[in-house]
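Residue-level structure breakdown
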Amino acid sequence: MDRTSASPQRHNAAQRSAHIREVVLAKGVELREHYPILNHQDALGAGILAFALAGMIGSAALYITGHMAWWACLLLNAFFASLTHELEHDLIHSMYFRKQRVPHNLMMGLVWLARPSTINPWIRRHLHLNHHKVSGTETDMEERAITNGEPWGFARLLMVGDNVMSAFIRMLRAKTWAHKFSIIKRSLKVYAPLALVHWGAWYVFLGFHAANGIAYLMGSPIEWSATTLSVMQVIDIAAVVIIGPNVLRTFCLHFISSNMHYYGDVEPGNVLQQCQVLNPWWLWPLQAFCFNFGSSHGIHHFVVKEPFYIRQLTVPVAHKVMREMGVRFNDFGTFGRANRFVRKEEILQKEVQTAQA
């Protein structure tokens, strides 16, 4: 299909996207008029961050003092950390303290500390803003890094929940040494220092307990040194209060995000094709640790400057108009198409139309 024949379709998609944006923005205005507290955006952002950090610290304290089970602490902190991810995303779009550098950058630093598994948020800002410009294409490095467009298999399962493993597998796949070293250099730059410490400690945790488990099964327990055991006691606590919660949160977020975004055959600039709404009931265990991302993130592609809590409040209205304008809902075929937008039935229909012409 040439550009001339596709032009009317793109124009129509632009009109529909504009209508979605208009309806959602109007709902945001209505909410702010009805609930004046929503107008205090900076204070709300800072308050949510304080709540999330207090929750994580409080849960950790209760676990360390023996007043909370390890699994309860891990799940709670994964949820609190998901709040800080939403805040970081809003900060990347300059939604809090936009003209005040000190509190803005302080918030950026604190949300990074709450999620040490992630890349430097100041670097991520460039990647994410680029994501909005080129969503669904090979140059969308942010989504490609979390496996968007990757065929489903064992490799993608490893990559979707582990940032370092994702970079490692991509390095192994690189065909030249120059490309391999480029991936290594870029990964060290974006993940230093917090993510390198986080994932390093995670691998030590897994390796130590795997070695103990294998030795136990073989009937020859390992005699670790006192220093090793004291270090592992610290890592074991960290695995419950900060490392494990972020591993769980990362897997949930990346699984949802990489499958709700389309890749590879998206029309440039056509927001209707960039995302679907992914919110079946069976994904709720994952949605709980990425703050309902599959249901609400598609709205963000149409209305970029609304903070995440407004976006959540506009979900009923937004979903209604998005469905009317042709946004897809729960397109599970994406799992088998490596996130391509075009479905088999659409390909067959085009082939039939071509044959008839």
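The name given to the protein chain in an unreviewed UniProt entry is Fatty acid desaturase, with the source organism recorded as Pseudomonas kribbensis.

1. So, the pattern of salt bridges
Close approach of charged atoms allows side chains of opposite charge to pair. Tallied over the full model, the rule gives 10 salt bridges. Among the ionic contacts, a cluster of salt bridges with common partners joins Glu88, Arg115, Arg124 and Glu142.

2. A few points about the packing of aromatic side chains
Evaluation of the coordinates by the stated rule reveals 14 aromatic pairs. Considering the side-chain rings of Trp202 and Phe205, the 5.7 Å spacing of their centres and the 15° angle between planes classify their relative orientation as stacked. Taken together, the residues span about one helical turn, with Trp202 and Phe205 both in helix H10 (residues 194-217) at a distance of 3 residues. Between Phe291 and Phe308, the aromatic rings sit 5.4 Å apart at their centres with planes inclined by 80°, giving edge-to-face as the arrangement. Pair noted here: Phe291 is in the loop between helix H12 (284-287) and helix H13 (293-302) and Phe308 is in helix H14 (residues 308-313), with a separation of 17 residues, a long-range link. Taken together, the ring pairs connect Phe51, Phe79, Phe80, Phe291, Phe308 and Tyr309 into an aromatic cluster. One residue, Lys180, lies across the ring of Trp177, its end atom 5.8 Å from the ring centre. When the ring centre of Phe341 is taken as origin, the NZ or CZ atom of Arg328, which lies over that ring, is 3.7 Å away.

Cut-off values and rules
Residues numbered from 1 in each chain as written. Predicted model: local features only at pLDDT ≥ 70, side-chain atom pairs only at ≥ 80, totals over all residues. Heavy atoms only, no water. Salt bridge = Lys/Arg side-chain N within 4 Å of Asp/Glu carboxyl O. Phe/Tyr/Trp six-rings, centres within 6.5 Å; stacked < 30°, edge-to-face > 60°. Helix = DSSP H or I, 4+ residues; strand = E, 2+ residues; numbered from the N terminus. Lys NZ or Arg CZ within 6 Å of the ring centre and 35° of its normal.

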